[in-house]
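A look at the structure
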Amino acid sequence: MQKKDVKVLVITGFGLNCERETAAAARLVGATPELVHLNDLIAGQRRLEEFHLLVFIGGFAFGDHLGSGTVFANRVLFHLRDQLERFIADGKLVLGICNGFQTLTRLGLVPALNGAYFQQQVALAHNDSGVFRDDWCYLENNPASPCVFTRNLGRVRLPLRHGEGKFVAAPETLAELESKNLVAVRYVNADGTPATTFPANPNGSLHSIAGICDESGRIFGLMPHPEAFLSPYNSPSWTRDQQQGELPEEGDGVRFFRNGVDYLAEHF
């Protein structure tokens, strides 16, 4: 398959607000994105099987009432579970960003330990700071992780903006996540050491966890926003970087999407 034939579904509606950046990211790496309202999927006007990459985007679905991602996840689970099961079984990719990551955890699509999809095993709780955090952070990928989206990523910098991003799980679940290398990215300090304190760890996440995947590596969720760092000029330090001759050709977030689209082009 050529990259232009990779069809990316960006689900919109009900307070989600990162659809344009997400679509731009998909186009930038050669794929063909389409914005589809959740109601159109529920009504059967469009089907998940038409697409190869499903993205649950950031925003404030249903105003974050009952907890971020909860109501949105319930609607998806009630109306689209059969389609989601087939989508996953077909070897396609799912990406959840910020509110989308919260939705993935509530759907039980990550980490889905031992193949237990649609059973919630982890959660994203209120930030330890007690306030919404809008900042930039450093992430380090786990090279041993099976995650498709973080292959050869190294250390990156991304923006974040959330009030409920603290990754929490039972001790035995955390141990299994670590042993299976399902922690795909962690918050780190500028020197690459795990970030255990605020502000480098912006929410108090256990084990500095910023994003996890399922055991197949094809379903991935993270709290920071790769779609919001596509151009080097998105960075708050771009003028200094330019003066120092260190301005990159593209933002770090592009690499997540390129990894996903490259994988699909190779496997379909």
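What comes next concerns the included structure. Because the structure is a prediction, the values reported are computed rather than measured.

Some remarks on the pairing of strand S9 (residues 183–188)
Counting buried positions over the six residues of S9 gives five, a clear majority of the element. Of the pairings in the sheet, the one linking S9 to strand S10 (residues 209–213) comprises three bridges and is antiparallel in character. Looking at the pairing, Val183 lines up with Ile212 of S10.

Observations regarding the packing of aromatic side chains
Taken as a whole and assessed by the stated rule, the structure comprises eight aromatic pairs. Pairing Trp136 with Phe229 gives two aromatic rings, centres 5.0 Å apart and planes at 85°, and the pair type is edge-to-face. Of this pair, Trp136 sits in strand S6 (residues 133–141) while Phe229 sits in the loop between strand S11 (219–222) and helix H6 (238–243), and the two are 93 residues apart along the sequence. Overall, Phe229 belongs to the buried group, its relative accessible area being 4%. On the numbers, 6.4 Å between centres and 5° between planes, the contact of Phe220 with Phe256 is stacked. Of this pair, Phe220 sits in strand S11 while Phe256 sits in helix H7 (residues 254–267); the two residues are 36 residues apart in sequence, bridging distant segments of the chain. Of the two residues, Phe220 and Phe256, neither departs from the other in class, the shared state being buried. Here the aromatic cluster, defined as three or more aromatic residues joined through ring pairs, consists of Phe14, Phe56, Phe62 and Phe72.

Some details on helix H5 (residues 171–179)
Taken residue by residue, H5 has Thr173, Leu174 and Leu177 as its buried positions. Projected onto a plane normal to the axis of H5, the buried residues spread over an arc of 100° and lie on a single side. Pointing more than 90 degrees away from the buried face of H5 are the exposed residues Pro171, Glu172 and Ser179. Structurally, H5 contributes buried residues whose contacts are with strand S8 (166–168), S9 and S10. Positive phi shows up at Asn181, right after H5, with a value of about 60°.

Here's the deal with the side chain of Ser235
Along the chain, Ser235 turns up in the loop between S11 and H6. Among the polar contacts listed, one links the side chain of Ser235 to the side chain of Arg157, at a separation of 2.5 Å. Among the polar contacts made by the side chain of Ser235, one reaches the side chain of Ser237 at a distance of 3.0 Å. For Ser235, the contacting residues outside a window of four places in its chain are Trp136, Arg157, Phe229 and Asp241.

Focus on unusual backbone geometry
Backbone geometry follows two general trends: most residues other than glycine have a negative phi, and most peptide bonds adopt the trans configuration. Cis rather than trans, the peptide bond between Val110 and Pro111 has omega equal to 0°. Each neighbour pair has its own omega, and for Phe198 with Pro199 the value is 5°, a cis peptide bond. Summarising the element assignment, Pro199 is placed in the loop between S9 and S10. For Phe118, which is not glycine, the phi dihedral falls at a positive 65°. Looking at the secondary structure, you find Phe118 in the loop between helix H4 (99–107) and strand S5 (123–125). For Phe118, a relative accessible area of 13% gives the class buried. In this model, His207 sits at a positive phi of 60°, which is unusual for a non-glycine residue. With respect to the helices and strands, the residue His207 is situated in the loop between S9 and S10.

Some details on the pairing of strand S7 (residues 155–162)
The element S7 is largely enclosed, with a buried count of six among its eight residues. Relative to S7, S6 runs antiparallel, the two sharing eight bridges. By the bridge assignment for S7, Glu140 is matched with Arg155.

So, the sheet that holds S10
Strand order in the open sheet made by the nine strands is S2-S1-S3-S4-S11-S10-S9-S6-S7, with mixed pairing throughout. Each edge of the open sheet carries a strand with a single partner, namely strand S2 (32–37) and S7. Going across the sheet, the axis of each strand differs from the next one's by a mean of 25°, ignoring polarity. Taken together, the three bridges between S10 and S11 define a ladder with antiparallel strand orientation.

So, the layout of surface pockets
Taken as a whole, the largest pocket spans an internal volume of roughly 210 Å³. In this structure, the largest pocket is lined by 13 residues; those nearest its centre are Tyr138, Arg157, Ser237, Asp241 and Asp252. Here the lining of the largest pocket gets three residues from one element, more than from any other, and that element is S7. Of the residues belonging to the lining of the largest pocket, the class tally is five nonpolar, two polar and six charged.

Here is what the cut-offs are and how they apply
- The residue count restarts for each chain, going from 1 along the sequence in the order it is written.
- Side-chain atom pairs in this predicted model are given and counted only at pLDDT of 80 or more, local residue features only at pLDDT of at least 70, and totals for whole chains, interfaces and linings cover all residues.
- Side-chain numbers here rest on the full set of heavy atoms in the structure, without hydrogens or water.
- Categorising residues by exposure relies on relative accessible area from a 1.4 Å probe, with only protein chains included: less than 20% of the type maximum marks a residue as buried, more than 50% marks it as exposed, and the intermediate range marks it as partly exposed.
- Starting at the N terminus, helices and strands are each numbered in turn, a helix being any DSSP run of H or I of at least four residues and a strand any DSSP run of E of at least two.
- Only strands joined by at least two bridges in the DSSP assignment are considered to pair.
- Whether two aromatic rings pair depends on their centres lying within 6.5 Å, for rings of Phe, Tyr and Trp, where Trp uses its six-membered ring; planes under 30 degrees apart make the pair stacked, over 60 edge-to-face, and the rest tilted.
- Taking the helix axis as origin, the arc is that swept by the directions to the C-beta atoms.
- For this analysis, residues touch if any pair of their heavy atoms sits within 4.5 Å.
- Any N or O atom pair separated by 3.5 Å or less is treated as a polar contact, with the protein-specific requirement of one donor-capable and one acceptor-capable atom, and with residues adjacent in sequence counted only for side-chain atom pairs.
- Axis lines are fitted to C-alpha atoms, over the contacting stretch for helices. Their N-to-C directions set the angle, which ranges from 0 to 180 degrees.
- Think of a 1 Å grid over just the protein atoms. A cavity is a set of points where a 1.4 Å probe fits yet cannot get out, a pocket is an open set with protein on both sides within 12 Å along at least five of seven lines, and lining residues have an atom within 4 Å of a point.
- Grid points are joined across faces, edges and corners, and a volume is the space filled by probe spheres set on the points.
- Charged means Asp, Glu, Lys or Arg here, nonpolar means Ala, Val, Leu, Ile, Met, Phe, Trp, Tyr, Cys or Pro, and polar covers whatever is left, Gly included.

On their own, these measurements won't tell you what the molecule is for.
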